[in-house]
Structure formats: C-alpha cells, structure tokens
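Spelled out from the first residue to the last, the chains are:
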Amino acid sequence: MITAERKPIDEIIEYIRPFQKILLVGCNECVTVCSAGGRKEVGILSSMLQMAFLKQGKSIQILEHTLERQCDPEYVEELVSMIDGVDAVLSMACGCGVQELARRYRNKPVFPAVNTKFMGASERQGVWAERCAGCGDCLLGITAGICPIARCSKQLMNGPCGGSTGGKCEISPDVDCAWALIWERLKALNLTDRYEEIIPAKDWRNGRGAGPRKIVREDLAE
Amino acid sequence: MTTQEPFEPVIIAFCCHYCAYTAADMAGTRRLCYPANVSIIRVPCSGKVDAIHILKAFEKGADGVYVAGCLDGDCHFKNGNHRASRRVAYVQKLLDDIGIGAERLAMFKMSAGMGERFAEVAKEFTETIRALGPTPIRSLHRDAA
C-alpha cells in the first residue's frame, strides 16, 4: 500500500491560514491502513486545528468527510454538495487523492495534510517498511521474492556490495542487506543457481526514466 | 472573564472498568475525599481510550485529562494499559504541537484495591493543573462565540 505521514501541524496551519471554512477530506484506503489519513486521523487533525487556531484568536469551521477512495472520480464526486460552501479543501489522502480533488474542483484551493512516503508493507503493528519501488519490471522472480530495487540502498542488480557486513547494510546496523537476504532465501529454497546468473543492466524506462507512466487496458477503457 | 474568579480546573479522568474505576469506587466506599473537579468517564479498558476522545475533551474545555488503567501486567485485556500509555504519549506530542502543553495530559496505573492511590492521584493532578492555570481553549471558545 501507499504509506504516508501527517505533515507538521505548523505547515498545515500555514496552508489554510487565509481561509475560514475548510473541508477536511480523508481516504478510506491506504492512508487508513497506515493510520495517516483515515476517518480517525481526520477527527484528530480537525480537533487539533480547531484548538490551534483558537489559540491564535481565530475560530475556523471545519467540515469532516472521508471518502471510500480519493483517487477515484466516482467517490470524489460525492463532495459536490459540500464544495461550494467551503473556502478551501485539506486532503489527508496520498498525493494521488490530493491531485484528483484538485483536478475535479478546479476553482477550489486544495492542500495536502500528509507527506506521501512509499509503497510499503506492515512489518508489525504500527511499523511500515518500503518494499516496492514501482520500477515497472519486477525482478522478484529471480531474487527469491526480495526486491533489490526497493531494499538495497544502492539498488544493485548483482550484489551484495562491499558495504554488506554480517547481513546488514553499511548505512545502518538496523537495515538488512537485501542481497544477503536474497542469498539466504535462495539457499533455503535450493535455488542458488539463480544467484550465478548475471542480471543485466536494468531498463529504467519502465520506471520513472521515461516520464510519468500510464496503464491503459484497452479491454476496460471507455 | 473577570480575573477575580478563583480558578477551578475541569478535569476529565478516563478510568478503566476493572481497575481505576473500581479504585474510585473503593475511594468512595472508604469515604476518602478527592477534588470534585475530577469527572470520571468509565471505559471498558484504558486501551479503549482513543486520541480523539482525549482531544475532544480538551476541545470542549477540559483543563486537564488523565487516563487511568490497571497496573503493569494486570490488564484484564492483557495489554490495554500499555496501549493506553503509548497513546497518551502520542497525544502529549500532539498537545505540545498545538501549544496546549503535554503536561495537561497524564497516564496513571492502579489496581482495583488502591482507593487511596486514586484519591491521591486525583488530588495531585488537580493541583498540577491548578498551578498551570486554565487551558486557553475554554475562554477562547467563549470569546470566539
């Protein structure tokens, strides 16, 4: 899922300071799972903002609403009845949700309330770790299900590098060396022959190298 | 607001059913005095208290809030009190962020038999908040209205 973290409250306050009536919109998908922008976080941020502004001598009005998905036009349409009555919109969705609101409601200022981070998985309750970099050409089939693009600090295609010590990356003793993990897992799976194959240089045009990407499914597209 | 009015803090105490609330009950049974400033909200477990419950208490004018749960290792629901402690620490940061002050929120742990401890905590926390003075939110709400 896409992970995010709430922005510092002072930054959010500066975005909405000129406005009186704010629509605070959450998203029920990824940012709910990573506890950054779901219904609960909308309530918490709303309460914080009300109090922070009151402290500064200003009373603002905040409407709270959480959409099923903020990156889908169908759900974003739900806001039509609310949008005219507000001066600005504050979104707690990932960058996709913020941009979808901005695209749909062109005459309304839309501000992000979270920093979108990475595609991650839950390591345990309350801990999320980067697992996929969306490189567009998945290598997991030859790297024992462990991604060297997202998890190797150098994004090495054939590792490990000389900075790997005791299974840990040189950047921090808390970070596993992705290539050490790959090797251990290949051994456990009896697939070490895959490690012998030299993975050629990656075609980064499948990733961000060729600019913004788009998927078009002709069978589904209208 | 007349400055002559003595300040009587409004304090909300979220007390877990199995320990802190029972301790409050014990304090009552033993006729122990504790400040009338403390309003108790009974919750099934301190782990049930969410960040939004605490923030709403402040937003609606509480000068101080505390969560009271079971002693370490004694939670009826195993680890609700640990979760509550972590959540309180999280909300303390939020309160600092918006300039309300982390010291207006606290977590206490006590067993069902600790009626005296309940009364003591209520007194001490009330005095802490009394020393801090009123939260800016209550008067500002009134001014903004």
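The coordinates are above.
Source: prediction; values computed, not measured.

Thresholds, definitions, all that
Residues numbered from 1 in each chain as written. Chains lettered and ligands numbered in written order. Predicted model: local features only at pLDDT ≥ 70, side-chain atom pairs only at ≥ 80, totals over all residues. Heavy atoms only, no water. Phe/Tyr/Trp six-rings, centres within 6.5 Å; stacked < 30°, edge-to-face > 60°. Lys NZ or Arg CZ within 6 Å of the ring centre and 35° of its normal. Buried < 20%, exposed > 50% of the residue type's maximum accessible area, 1.4 Å probe, protein only. Helix = DSSP H or I, 4+ residues; strand = E, 2+ residues; numbered from the N terminus. Pairing = 2+ DSSP bridges. Right-handed = clockwise from strand over helix to strand, strands pointing away. Core = buried A, V, L, I, M, F, W, Y, C linked by side-chain atoms within 4.5 Å. Contact = heavy atoms within 4.5 Å. Buried area = accessible area lost by both parts, 1.4 Å probe. Salt bridge = Lys/Arg side-chain N within 4 Å of Asp/Glu carboxyl O. Nonpolar A, V, L, I, M, F, W, Y, C, P; charged D, E, K, R; others polar.

Engineer: Looking at this structure, how should I read the packing of aromatic side chains?
Structural biologist: How two aromatic rings sit relative to each other is given by the distance of their centres and the angle of their planes. Evaluation of the coordinates by the stated rule reveals nine aromatic pairs over all chains. Three or more aromatic residues joined by ring pairs make a cluster, and in this case those are Tyr15, Phe19 and Phe111 of chain A. Over the face of the ring belonging to Trp204 of chain A we find Lys202 of chain A, whose NZ or CZ atom lies 5.7 Å from the ring centre. Across the ring face of Tyr21 of chain B, the terminal group of Arg42 of chain B is positioned such that the distance to the ring centre comes to 4.9 Å.

Engineer: Looking at this structure, I do not really get the pairing of strand S1 (residues 11-16) of chain B. What am I missing?
Structural biologist: Each regular strand shows side chains that alternate between the opposite faces of the sheet. Residues and elements named next belong to chain B. Buried residues dominate S1, accounting for six of its six residues. Covered by surrounding structure in S1 are Ile11, Ala13 and Cys15 together with Ile12, Phe14 and Cys16, the residues of both alternating faces. The pairing of S1 with strand S2 (residues 38-43) spans six bridges and is classified as parallel. Within S2, the position partnered with Cys16 by the bridge is Val43. Crossover S1 to S2 through helix H1 (residues 20-29) is right-handed.

Engineer: How should the nonpolar core be read in this particular structure?
Structural biologist: The tendency in soluble globular proteins is for nonpolar side chains to be buried as a group. Within the largest apolar cluster, 53 residues are counted, with the highest numbers of intra-cluster contacts made by Leu45, Leu49 and Leu90 of chain A together with Ile54 and Val65 of chain B. Here this core gets nine residues from one element, more than from any other, and that element is helix H3 (residues 39-55) of chain A. Setting aside its immediate chain neighbours within four residues, Leu45 of chain A contacts Arg6, Ile9, Ile12, Leu24, Leu90, Met92 and Ala113 of chain A. Core analysis: the second largest hydrophobic core is formed by 18 residues, Ile11, Ala13, Ala20 and Tyr66 of chain B among them.

Engineer: What exactly am I supposed to notice about the interface of chain B and chain A here?
Structural biologist: In many reports, interface size means the accessible area that the parts give up when they come together. The partner chain A presents 14 residues to the 17 residues of chain B that form the contact. Of all residues in chain B, Glu59, Ile98 and Leu140 of chain B bury the most surface against chain A, accounting for 33% of the area lost on that side. Counting across the chain B and chain A interface gives two salt bridges. Listing elements by their share of the side of chain B that touches chain A, those giving two or more residues are helix H2 (51-59), helix H3 (80-97) and helix H5 (136-144) of chain B. In terms of residue count, H2 of chain B provides more of the side of chain B that touches chain A than any other element does, six residues in total. Partitioned by chemical class, the residues of the side of chain B that touches chain A number 11 nonpolar, two polar and four charged.

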